[in-house]
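Structural overview
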Amino acid sequence: MNDAIRVSRPLTGTDKTLSFEAGRLAQLADGAVLARLGDTMVLATVTASRSVREGMDFFPLTVDIEERAYAAGKIPGSFFRREGRPSDQAILICRLIDRPLRPSFPKGFRNEVQVVGTVMSADQENPHDILAINAASAALMISGIPFDGPIGAVRMAFTTEGEWRAHPTYAEGDASSFELVVAGRALSEDPDSDVAIMMVEAGGTAGSFDMYAEGAPKVSEDVLSAGLEASKVWIREAINLQRELVSAVVSERGPITPMPYQLFRDYEDDVLARVEAVGATLVADANRLTVKQERAAALDEATVAIVAQLSDEFADRVGEIKAAVKALTKQLVRRRIVDEGVRIDGRTAVDIRPLSAEIDLFPMTHGSALFQRGETQVVNVTTLGMPRMRQQIDSITPDEWRRYMHHYNFPPYSVGETGRVGSPKRREVGHGMLAERALVPVLPSEEEFAYSLRVVSDVLQSNGSTSMASVCGSTLSLMAAGVPIKAPVAGIAMGLVYDGGRYVTLTDILGAEDAFGDMDFKVAGTADAVTALQLDTKIDGLPADVLSKALHQAKQARLTILDVITSAIAQPRSNVAEVAPKIVSLEIPIDKIGEVIGPKGKVINTLQQETGADIAVDDNGVVGTVTIGAKDGRAVEEARRRIEMILDPPTAEVGVIYPGRVVNLAKFGAFVSIMPGRDGLLHISKMSPLNGGRRIGQVEDVLELGQVLEVRVDDIDPQGKVSLSLAGEFAGMEDDDASDRPRPARESTRGRDREGSREGSREGSRRAAPVSAFEAAFEAELADEIGDLGPASPSLAEGEGSTRRGSRPRRR
């Protein structure tokens, strides 16, 4: 086995060290790097095909993250006890890696490249997403695959003191109000070179608005700009460490052999020149149509006309002609924006398309809304559930539960196409996670609002930024459902065109502007704070003043959208919908949890059956929480009343008759619940009236669980134990029957032993007593039915002790 090549360096402002190792693991891959931060370790491997698949007209890059359960010392919780489909978190990390890597490959490179990151160790402190981005870049740097790197990444957390902290742990991230994931590339080989920001994924944390209420500084556009600028220090450190790794590999193993490859062009210059000559006017006129369908149809007609005109000249190059038309379209759209300040649909750079918002579309949903911006239309539906409906997360991170779930669906009909409908694709997962991240900071805590929450965003029409439309629609549906969010949230998608040294920032970009532009970023937030940000650039270097201007331009658009949202519904409704479950929560002492649940869950199950409410009990190790839910509010109140009686049970009174329910059976009697939290014992010796005055062999012969009967409280001892007797139709029967019976002939040995153990002060004399009358009557009845039973037992005749249960003396 080869010796490993290792490089490491401490990270500025932290007590952590970042390290890369190569040359020991996965040596058949083109590049393999084991990265480590704390005790979290990720193995990144990269492999490229040596030939281009026939017909490939794009760059086939795939990124996979394998989160191994063993990394956290766990066995997967699935039925098969092995890892299955990637988690939402793993899919998000794949996208975080893909976004900065993809534009770093040569234009026209078509060889298939696969990046696989395997989490080998997860210390539950240091997140593995940043490590995976840096490791993937490092593996590409030593692979020989053409790659314009390195790419460095860092996570930043904004503390409640107003400082940006690099490489926070999970706990530090949760304690902060905002987190940034930033990736970038150095602009030169100089170790102190400036860094071009390529990718940003950011969002507020749960409870951040509570932190703001307590005095923590809010994350504004200026704070965000400062955080992005501060991140460059640690991005540069990751880049320089990757360069050290490359140098060490070259020093130890010799020069890295570049992979042979071929670059492909969609069209040649001669085709483009002829397309420009014959089709510039046609394409320009088509792009002046403001309606998407009309513009698309006109562009199709222009393409057909250009192909027909040039088909003889370029007989076997129709594909190149079509690709050149697309390139000409992009060129004309960009030039018109920069030179004339006019966009495809006729708007200026800062205009927003027409906005509309509606609520209460569907009667049986808990909260529904429709948000439309231009030709983008999204329906959002909120569903409220019991706390137990939260999602359990089987992952290698410290997160165990997900209370708020945002799911995004993008069917093919939303863009007027046919296609597969089924399980969500990575893009849908990523958009849903972005919308979720935008709304999490304003959600009420579980103590304030005990429900589990699910929001579904169904895209019905798409022409730009459906994810931000999902944020706006979700705010509407949450407020319509009665969820007391801290503040309404709106989102907007922005774009940037850079041409001839001029930067033009576009508000509310169309789908085509997203494809033709140099940067797109999405910003969501309230009127005075940012809650989420996603940014991707295709150009090297974004001046700080340009970014700051873009963020402030986005805020103005956000405020406009918030006005439309609040005109539809000004604030969250005070009550949930009639069709939604009604939920209340109450805290209980942790030592009372057992009383509420009861033995084997009998108490809580009985409460649920009798009231119709759904009851859940949980604790945090300090205090217990009981959550009660039902569609009928009366059922919730009744269950709450009964639980409060269990916690502070009323006192039974001696001599009072209560309606009771049998809740447990034992050999010596039955426990009867006479009021919530208060049971009493009906001893077997007091049950003979239930059997016609005859002896009871087993309690189960005369009583069953759940049976209702009236009982009288005979006694309450100093420990609060309640002794019961039968009442109602059986009242007095036991005493009347007993007065007519002779006393037992003689104590049995077992009966005498038990009696002696209970009454230690009683003298241990053995006095003979007559045989019970019912014993003789029973023997006679048997003889009449089945014949002579043979000679009588000498022990009974002589009054000797007997082990038969029938000869035991009755106790009062």
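The coordinates are above.
So, how was this worked out
Residues numbered from 1 in each chain as written. Predicted model: local features only at pLDDT ≥ 70, side-chain atom pairs only at ≥ 80, totals over all residues. Heavy atoms only, no water. Helix = DSSP H or I, 4+ residues; strand = E, 2+ residues; numbered from the N terminus. Buried < 20%, exposed > 50% of the residue type's maximum accessible area, 1.4 Å probe, protein only. Contact = heavy atoms within 4.5 Å. Areas by Shrake-Rupley, 256 points an atom, 1.4 Å probe, with all protein chains shown as cover. Core = buried A, V, L, I, M, F, W, Y, C linked by side-chain atoms within 4.5 Å. Pairing = 2+ DSSP bridges. Axes fitted to C-alpha atoms, helices over the stretch in contact; angles between N-to-C directions. 1 Å grid on protein atoms, 1.4 Å probe; cavity = no way out; pocket = protein on both sides within 12 Å on 5 of 7 lines; lining within 4 Å. Points joined across faces, edges and corners; volume = space filled by probe spheres on them. Parallel < 35°, antiparallel > 145°, perpendicular 65-115°, else oblique. Left-handed = near helix turned anticlockwise from the far one by under 90°. Nonpolar A, V, L, I, M, F, W, Y, C, P; charged D, E, K, R; others polar.

The next thing to look at is the overall build of the protein chain. Along the protein chain, the regular secondary structure elements total 19 helices and 29 strands. Scored against the burial criterion, the 812 residues of the protein chain give a buried share of 50%. In the protein chain, 70% of the contacts between residues at least 6 apart in sequence involve partners at least 24 apart. Surface exposure of the protein chain reaches about 38,300 Å², of which carbon and sulfur atoms provide 51%.

So, on to the nonpolar core. Residues Phe 105 and Leu 180 are the most contacted members of the largest nonpolar core, which totals 143 residues. The dominant element in this core, judged by the number of residues it contributes, is helix α5 (residues 221-253), at 12 residues. Sequence-distant contacts of Phe 105, that is, excluding residues within four places in its chain, are made with Phe 59, Leu 61, Val 113, Leu 140, Ile 145, Pro 146 and Phe 147.

Another aspect to go through is the sheet that holds strand β23 (residues 614-619). Across the sheet, which stays open at both edges, the three strands sit in the order β22-β24-β23 with antiparallel pairing between neighbours. At either margin of the open sheet sits one strand with a lone partner, and together these are β22 (582-589) and β23. Direction aside, neighbouring strands of the sheet carry axes that sit 20° apart on average. Summarising the sheet, β22 and strand β24 (residues 623-630) pair through eight bridges and their orientation is antiparallel. When the sheet's bridge partners are listed, Val 584 is paired in β24 with Ile 628. Of the strands in this sheet, β22, β23 and β24 are in contact with helix α15 (residues 633-647), which crosses β22 at around 5°.

The next thing to look at is empty space enclosed by the protein. Under the counting rule described, the total for this entry stands at four cavities of 30 Å³ or more. By volume, the second largest cavity is sized at about 40 Å³. Lys 16, Leu 37, Asn 126, Pro 127, Ile 130, Arg 155, His 167 and Pro 168 together form the lining of the second largest cavity.

Turning next to the packing of helix α1 (residues 88-101) against helix α2 (residues 129-141). The angle between the axes and the distance between the axes are what describe a pair of packed helices. Remark: α1 packs on α2, axes separated minimally by 9 Å, with the N-to-C direction vectors making an angle of 40°. With respect to α2, the axis of α1 lies oblique. α2 is crossed by α1, and the crossing has right-handed handedness. Side by side, α1 and α2 meet where Ile 93, Leu 96, Ile 97 and Leu 101 of the first sit next to Asp 129, Ala 132, Ile 133, Ala 136 and Leu 140 of the second. Grouping the constituent residues of the contact of α1 with α2 by class yields eight nonpolar, no polar and one charged.

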